[in-house]
Amino acid sequence: MGMSAAPLLCVRDARKRYGTVDALCGVSFEIAGGEVMALLGPNGAGKSTLIRSLTTLQKLDSGSAEVAGADVGANPSAARRAFGYAGQESALDKLLTGSEMLRFQAGLAHLPRVEASSRGKELLQRFGLAEAADRAVETYSGGMKRRLDLACALLHRPRVLILDEPSSGLDYEARRGLWALLAGLARDGVAILLATHDFEEAESLAHRCVLLARGRVAGSGSAQELRDALGAWVVTAAVRSAPRAEDRALLHELFSALGGTPLPESPDSAECAMAAPERADGRVWTDALREEAARRGVVLTALGQRRPTLQDAYLAATRGAAEEVR
Ligand SMILES: Nc1ncnc2c1ncn2[C@@H]1O[C@H](COP(=O)(O)OP(=O)(O)O)[C@@H](O)[C@H]1O
Ligand SMILES: [Mg+2]
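Residues numbered from 1 in each chain as written. Chains lettered and ligands numbered in written order. Predicted model: local features only at pLDDT ≥ 70, side-chain atom pairs only at ≥ 80, totals over all residues. Heavy atoms only, no water.

Caption draft 1: Structural detail: the site of ligand 1. Around ligand 1 lies a shell of 14 residues, among which Gly44, Gly46, Lys47, Ser48 and Thr49 are the nearest. Within the backbone of Gly44, an N or O atom sits 2.7 Å from an oxygen atom of ligand 1. Here Ser48 contributes a side-chain N or O atom positioned 2.8 Å from an oxygen atom of ligand 1. Protein chains shield 66% of the accessible area of ligand 1, which is 560 Å² for the free molecule. Counting only elements with at least two residues in the shell around ligand 1, the list comes to strand E2 (21-32) and helix H1 (47-54). It is H1 that contributes the most residues to the shell around ligand 1, four residues altogether. By residue class, the composition of the shell around ligand 1 is five nonpolar, five polar and four charged. (Near = heavy atom within 4 Å. Polar contact = N/O pair within 3.5 Å; in protein donor to acceptor, adjacent residues only side chain to side chain. Areas by Shrake-Rupley, 256 points an atom, 1.4 Å probe, with all protein chains shown as cover. Helix = DSSP H or I, 4+ residues; strand = E, 2+ residues; numbered from the N terminus. Nonpolar A, V, L, I, M, F, W, Y, C, P; charged D, E, K, R; others polar.)

Right under this line is the structure:
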C-alpha cells in the first residue's frame, strides 16, 4: 500500500451538537498517507457534519481534527492548504472551459500563475481531459465533470483528499474510471476520505471503512474484517410473503435455538436473517434450519445461505439508526 507512518488525517473525539441533536458524539479515526477510508452511514449519521468540520466550514464543539499536522479549528488556513475537497454536487461553472475552470481555481488557491498552469496541464492530461480542455464544461459528460472537479481539488497538491460521493450519478464505466484515478492517487501517497453510499465503491477502493451511526463509530476495519466480524454465514428465511409480527418472533426463536444471531431487518422485507458461524458438523445451515422448523411444525417459504457482504455488516451495525428513528 506504500503507507507512510504518520497519519495524514486525525480525528480525535470529535463532538458537535445542533440544539438538542448530537450530530457527532465522540468520533475518532486516523487515515495514513496512501490509504483510502470509506465513510459509510445512513442519513443523519453525521457524515456531512464531519466533512464540514474537516473542511473548516464549521467548528467542532470539542475534540480535534488535524490535516497533515494542521489543526482545522486552530489553524484553518494551513489545513486548507493540506486538503483538497470535491463535494457531491459538481461545483463547476458550466460556461467556463476546463482550462478556465482550473485557472479560476488556481486564483482562489493563490497559486503562482506559472506553476498553476503547468500543474493544470499535467492534471488535464492525467485525467484524460487534455482534448476537452478548451471546450465549455457544459459539453462534458458526467464522468468528465467529476474528473475536472477532482483536478480542481488536486491543483494545490494536497496530501489529503476529502470526497463526498464522488461517483454518484455516474454510469458503470465512468465510476470504474474514477476509481482507477483515485487508486492511483492513493498509490502516490495521498490520504483519501470518501463518504459514499456505494458498497461496491467501498469494497473496491477503500482499505478501511468507518461505519457511522447516530454520530458514533459503529464499526471500523477493512471490508474483510467487518464481514468476518459478522460471522461465516448469513442465513435468510421467511414464513410467508406478507409476514406478521409473530412470524418474525418465530424465526428469531428458531435462529436462536440453532445458535445464530438474528440480524436487524427492514420492516418491508418478508425475510429474516441471522448471522451464523461455520457449522462444526459440516452441514449446510439451510438443512439444519428446515429440519428445526419442521420439528416445530413450521413451513418455511424461503430459505437461503450466503457469505456476508459489506452491506450486511453495515446494516447490522447501523440499522435502526437512520434519521427517522433518531
Ligand atoms: N445545521 C443544522 N442544524 C440543526 N441540525 C442539523 C444541522 N445539520 C445537521 N443537523 C442534524 O445533525 C444530524 C447529522 O446530520 P448530517 O451530518 O447531515 O448527517 P448525514 O450527512 O450523515 O446524513 C442530523 O440529525 C441532522 O438533522
Ligand atoms: Mg449528508
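Caption draft 2: Local environment of the packing of aromatic side chains. Evaluated as defined, the whole model comprises one aromatic pair. Pairing Phe199 with Tyr314 gives two aromatic rings, centres 5.0 Å apart and planes at 65°, and the pair type is edge-to-face. One end of the pair, Phe199, is in helix H7 (residues 199-205); the other, Tyr314, is in helix H11 (residues 310-318), with 115 residues separating them in the sequence. Here Phe199 and Tyr314 have matching classes, each one buried. The ring of Trp233 has Arg307 sitting right over it, with the charged end atom 3.7 Å from the ring centre. (Phe/Tyr/Trp six-rings, centres within 6.5 Å; stacked < 30°, edge-to-face > 60°. Buried < 20%, exposed > 50% of the residue type's maximum accessible area, 1.4 Å probe, protein only. Lys NZ or Arg CZ within 6 Å of the ring centre and 35° of its normal.)

Caption draft 3: Structural detail: the sheet that holds strand E5 (residues 70-71). If you walk across this open sheet you meet the four strands as E2-E1-E4-E5, and the pairing is antiparallel. The two strands at the open ends of the sheet, each matched to only one other strand, are E2 and E5. Its contacts with the sheet put H1 on strand E1 (7-18), E2 and strand E4 (62-67), and the angle it makes with E1 is roughly 120°. (Pairing = 2+ DSSP bridges. Contact = heavy atoms within 4.5 Å. Axes fitted to C-alpha atoms, helices over the stretch in contact; angles between N-to-C directions.)

Caption draft 4: Geometry of the packing of helix H3 (residues 98-108) against helix H5 (residues 142-154). For the pair H3 and H5, interaxial distance at closest approach is 9 Å and the crossing angle is 30°. Between H3 and H5, the angle falls in the class roughly parallel. Here the hand of the crossing between H3 and H5 comes out right-handed. Of H5, the residues touching H3 (which contributes Gly98, Met101, Leu102 and Gln105) are Leu148, Ala151 and Cys152. (Parallel < 35°, antiparallel > 145°, perpendicular 65-115°, else oblique. Left-handed = near helix turned anticlockwise from the far one by under 90°.)

Caption draft 5: Fine view of unusual backbone geometry. In this structure, Ala68 takes a positive phi of about 45° despite not being glycine. With respect to the secondary-structure elements, Ala68 resides in the loop between E4 and E5. Positive phi, normally seen in glycine, also occurs at Arg157, with a value near 55°.

Caption draft 6: Expanded view of the pairing of strand E11 (residues 233-238). Across the six residues that make up E11, a large majority, six, are buried. Here E11 shows two buried faces, one formed by Trp233, Val235 and Ala237 and the other by Val234, Thr236 and Ala238.

Caption draft 7: Region of interest: the pairing of E1. Sheet topology places E1 next to E2; nine bridges connect them, and they run antiparallel. Among the inter-strand pairings, Ala14 is bridged to a residue of E2, identified as Val27. Once E1 ends, the chain turns through two residues before running back antiparallel as E2, passing Gly19 with a positive phi of about 60°. With five bridges joining them, E1 and E4 adopt antiparallel strand pairing.

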